[in-house]
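Descriptive analysis of the structure
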Amino acid sequence: MEIKKTVSVLGLGRMGSALAAALVDKGYEVTVWNRSEDKPTPPNTTRVSTPEEAFKSDIVVTCLSTYDAQRPLLTNDIKTLVNLTSGTPEEARNTAQWAEANGIEYVDGVIMAVPQQIGTPQARILFSGNENHYVLDAFGEPVHVGEDAGLAALYDLALLGLMWAAFGGYLQAVALMGTAGIAPEKFTPMAVSWLNEMTTLLPRMGEETQSRQYETEVSAVDINVAGLRMFTEAGREQGLDTTLPQALHDLFERAQRNGHGAHSIASVIEEIRK
């Protein structure tokens, strides 16, 4: 009969507490640590007062607020480090290099889920570097994205960037419709249908950014600059903040000035790449 390894979880925010609970459900002996004492101890876990005590476990899972908060805690007493602290690709790579230099097994991961989904198939855990996912399957579906330890963080920020842009655009649209008394419940079904149609265009757009061939007979940058100008002016006329549409207008207009006026929207990536 296989003996379950002991696991420590550092960080008892909502996500860290969910991770600890999922490990308990999978039969692991779980130790937890948190910097402050105000967070409750998850059921059936053992709380310790110092990170050093937590490092006695076979595997240490970190889910802290930032790498700056995590870095001072790490020592070479750790046997295996499963890092689920969010950060930049470079921070992940630096931590992987530190782990290798200290003889510590290391995997870097990001959680594409909310705490309530942890431990279910709906939670996807992207991880990179070491292909051994250790205890990640206790949290959801582990997906290895590459040997470079920074890739999980790169995927995380790219996907969140899409989310933030979509949510920001939706809220700008809802605010604009609200100036005419149109409630979100009336507008949102049309927005969802529109966004679904837009996603079908992404594969072709991705191909264009790869080939850098931007010739088009539809929706050139010129017409989108004009549309973004109108979108920005309409928001300003209605008394709304126009930071988001103005930023998009300025980006597209820069692409227009640099020779992409007759090209497809995908050509705007040339300005972003700069």
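Let us look at the structure shown here. (Residues numbered from 1 in each chain as written. Predicted model: local features only at pLDDT ≥ 70, side-chain atom pairs only at ≥ 80, totals over all residues. Heavy atoms only, no water.)

1. Structural notes on the side chain of glutamate 208
Turning to its location among the elements, glutamate 208 is positioned in helix α7 (residues 202–211). In this structure, glutamate 208 is in contact with Gln213, Tyr214, Ser264 and Ala266, ignoring residues within four places of it in sequence. (Helix = DSSP H or I, 4+ residues; strand = E, 2+ residues; numbered from the N terminus. Contact = heavy atoms within 4.5 Å.)

2. Structural notes on the pattern of salt bridges
A full pass over the atoms with the stated rule returns 12 salt bridges. Close ionic contact of arginine 212 with glutamate 270 constitutes a salt bridge, the shortest N to O distance being 2.6 Å. With a gap of 58 residues between them, arginine 212 in the loop between α7 and α8 (221–237) and glutamate 270 in helix α10 (residues 269–273) connect regions that are remote in the sequence. The class of glutamate 270 is buried, set by a relative accessible area of 12%. When the shortest N-O distance is used, the salt bridge between arginine 254 and glutamate 271 registers 3.3 Å. (Salt bridge = Lys/Arg side-chain N within 4 Å of Asp/Glu carboxyl O. Buried < 20%, exposed > 50% of the residue type's maximum accessible area, 1.4 Å probe, protein only.)

3. Structural notes on unusual backbone geometry
With a phi close to 50 degrees, tyrosine 134 is a non-glycine residue in the positive phi region. Looking at where tyrosine 134 falls in the secondary structure, it is placed in the loop between β7 (124–129) and β8 (141–144). Notably, serine 219 is not glycine yet its phi reads approximately 45 degrees, a positive angle. Within the fold, serine 219 resides in the loop between α7 and α8. Given the relative accessible area of 40%, serine 219 is considered partly exposed.

4. So, the nonpolar core
Leu19, Leu23, Val61, Leu84, Ile118 and Phe139 are the most contacted members of the largest nonpolar core, which has 30 residues in total. Elements supplying a minimum of two residues to this core: β1 (6–10), α1 (14–25), β2 (29–33), β4 (59–62), β6 (105–112) and β7. Of all the elements, α1 adds the most residues to this core, at 7 residues. Not counting residues up to four positions away in its chain, the partners in contact with leucine 19 are Val61, Cys63, Leu84, Ile111, Ile118 and Phe139. (Core = buried A, V, L, I, M, F, W, Y, C linked by side-chain atoms within 4.5 Å.)

5. Re the pairing of β2
Each regular strand shows side chains that alternate between the opposite faces of the sheet. When you tally the buried positions in β2, you get 4 out of 5 residues, the bulk of the element. Here β1 runs beside β2; their pairing, made up of 5 bridges, is parallel. Within the sheet, the bridge partner assigned to valine 9 lies in β2 and is valine 32. This β-α-β element, β1 to α1 to β2, shows right-handed connectivity. The pairing of β2 with strand β3 (residues 46–47) spans 2 bridges and is classified as parallel. (Pairing = 2+ DSSP bridges. Right-handed = clockwise from strand over helix to strand, strands pointing away.)

6. Brief notes about a nonpolar patch on the surface
A surface patch of nonpolar side chains, about 400 Å² in accessible area, is lined by Leu157, Met163, Trp164 and Phe167. Positionally, methionine 163 belongs in helix α5 (residues 151–178). (Patch = residues over 30% accessible without salt bridge, like charges linked within 9 Å, V, L, I, M, F, W, Y side chains within 5 Å. Areas by Shrake-Rupley, 256 points an atom, 1.4 Å probe, with all protein chains shown as cover.)

7. Remarks on the side chain of threonine 80
Mapped onto the secondary structure, threonine 80 falls in strand β5 (residues 80–83). Judged by its relative accessible area of 5%, threonine 80 is buried. Not counting the four nearest positions on each side in its chain, threonine 80 is found in contact with Asp58, Ile59, Val60, Ile104, Glu105 and Tyr134.

8. Observations regarding the sheet that holds β6
Sheet strands pair by backbone hydrogen bonding; their relative direction is either parallel or antiparallel. Reading across the sheet, the 8 strands line up as β3-β2-β1-β4-β5-β6-β7-β8 and stay open at both edges, with mixed pairing between neighbours. On the outer flanks of this sheet lie β3 and β8, each paired with one strand and no other. Across the sheet, α5 lies against β6 and β7, angled at about 10 degrees from β6, the strand it touches most. (Axes fitted to C-alpha atoms, helices over the stretch in contact; angles between N-to-C directions.)

9. So, the packing of α8 against helix α9 (residues 243–260)
Helix-helix packing: each pair is described by the crossing angle between the helix axes and the interaxial distance. Between α8 and α9, the shortest axis-to-axis distance is 9 Å and the interhelical angle comes to 155 degrees. Our classification of the angle between α8 and α9 gives roughly antiparallel. Seen along the crossing, α8 lies across α9 with a hand that is left-handed. Of the residues in α9, those in contact with Val221, Asp222, Asn224, Val225, Leu228, Arg229, Phe231, Thr232 and Arg236 of α8 are Pro245, Gln246, Leu248, His249, Phe252, Glu253, Ala255, Gln256 and His260. Looking at side-chain class alone, the contact of α8 with α9 contains 8 nonpolar, 6 polar and 4 charged residues. (Parallel < 35°, antiparallel > 145°, perpendicular 65-115°, else oblique. Left-handed = near helix turned anticlockwise from the far one by under 90°. Nonpolar A, V, L, I, M, F, W, Y, C, P; charged D, E, K, R; others polar.)

10. A short note on the environment of aspartate 25
Within the secondary structure, aspartate 25 is located in helix α1. Residue aspartate 25 is classed as exposed on the basis of its relative accessible area of 68%. Measuring from C-alpha to C-alpha, the distance between aspartate 25 and glutamine 116 comes to 14 Å, with 91 residues separating the pair along the chain.

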